[in-house]
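Listed below are the residues making up each chain.
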Amino acid sequence: MLIARVVGPLVATQKHKKFEGAKLLLVQPIDERNEPHGPVLLAVDTVGAGVHEKVLLVLDGKAAGDAMLKKGAPVDAAVVGIIDHVEGV
Amino acid sequence: MQVARVIGAVVATRKDPALHGLKLLVLQPLDREQNAVGRPLVAADSTGAGTGELVFFVRGREAAFPFYPAEPPVDAAIVGIVDPRPLEAGL
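About the thresholds
Residues numbered from 1 in each chain as written. Chains lettered and ligands numbered in written order. Predicted model: local features only at pLDDT ≥ 70, side-chain atom pairs only at ≥ 80, totals over all residues. pLDDT = per-residue confidence, 0-100. Helix = DSSP H or I, 4+ residues; strand = E, 2+ residues; numbered from the N terminus. Contact = placed C-beta atoms within 7 Å. Nonpolar A, V, L, I, M, F, W, Y, C, P; charged D, E, K, R; others polar. Pairing = 2+ DSSP bridges.

A.B. asks: Would you explain the confidence of the model for chain B in this entry?
C.D. replies: Fine structural detail should not be taken from predicted coordinates in areas where pLDDT scores are low. When pLDDT is averaged across chain B, the result is 92; 93% of the residues are at 70 or more. For this predicted complex, the interface score ipTM comes out at 0.83, alongside a pTM of 0.87.

Written out as structure tokens, the structure reads:
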């Protein structure tokens, strides 16, 4: 998993049916100094994260589908936790 | 699988219910000289590892296997703690 910062929601009216009811968030992975690292990614949100929150991002198709409680969803990333803080880094 | 150093822990109150009870640790992957290589990542712990320890971890869907029959949405898991080398091996 990666630590990321929520950039904002993404709205798409026309999408695969497995996305119906799903909330999509643009997220920016960050490094241990809270600096952006790599491209912005699109993830399904299953925990109700808000803009600017620090979140736990899982990058695996099966795991992301499990988090959505949908089998066979065409997804590869999901926000699965909202981070209170990181100890020791 | 890759070798990494545990450098911290993630605390998250609101999270996927399947993640409750899992320890989430921040790992820094290492090269053959144990220098940091690549960016840190977060992994679920199945071994009882702690900060500062040398561990190995697995990526991908197999990362959920140590927690069977639960299927937590994780993509990396610590699956072993590397034994300290004997002193005569010169670290």
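From this point, the discussion proceeds with the structure in view.
A.B. asks: Can you walk me through the environment of V75 of chain A in this structure?
C.D. replies: All names here are of chain A. As for its position among the elements, V75 is in the loop between α1 (61-68) and β5 (78-82). Spatially, the C-alpha atoms of V75 and D60 are 8.3 Å apart, while their sequence positions differ by 15 residues. Every residue in contact with V75, bar those within four places of it in the chain, is listed here: V44, G61, A64, G65 and M68.

A.B. asks: How should the interface of chain A and chain B be read in this particular structure?
C.D. replies: Interface extent is often summarised as the accessible area lost during association of the parts. Listed per partner, the contact involves 28 residues of chain A and 25 residues of chain B. Listed by contribution, the elements that provide at least two residues to the side of chain A that touches chain B are β1 (2-10), β4 (54-58), α1, β5 and β6 (85-87) of chain A. Among the elements that take part in the side of chain A that touches chain B, α1 of chain A stands out by supplying five residues, more than any other. Counted by class, the side of chain A that touches chain B contains 16 nonpolar, five polar and seven charged residues. With three bridges connecting them, β6 of chain A and strand β1 (residues 2-11) of chain B associate as antiparallel partners. Bridge assignment links E87 of chain A to a residue of β1 of chain B, and that residue is A9 of chain B.

A.B. asks: Please explain unusual backbone geometry as it appears in this structure.
C.D. replies: For residues that are not glycine, phi is negative in most cases, and the peptide bond is trans in most cases. Backbone torsion omega between Y68 of chain B and P69 of chain B reads 10°, so that peptide bond is classified as cis. Looking at the element boundaries, P69 of chain B is found in the loop between β5 (54-59) and β6 (76-81). A positive phi angle, near 65°, is found at N34 of chain A, a position not held by glycine. Looking at the element boundaries, N34 of chain A is found in the loop between β2 (23-29) and β3 (41-45).

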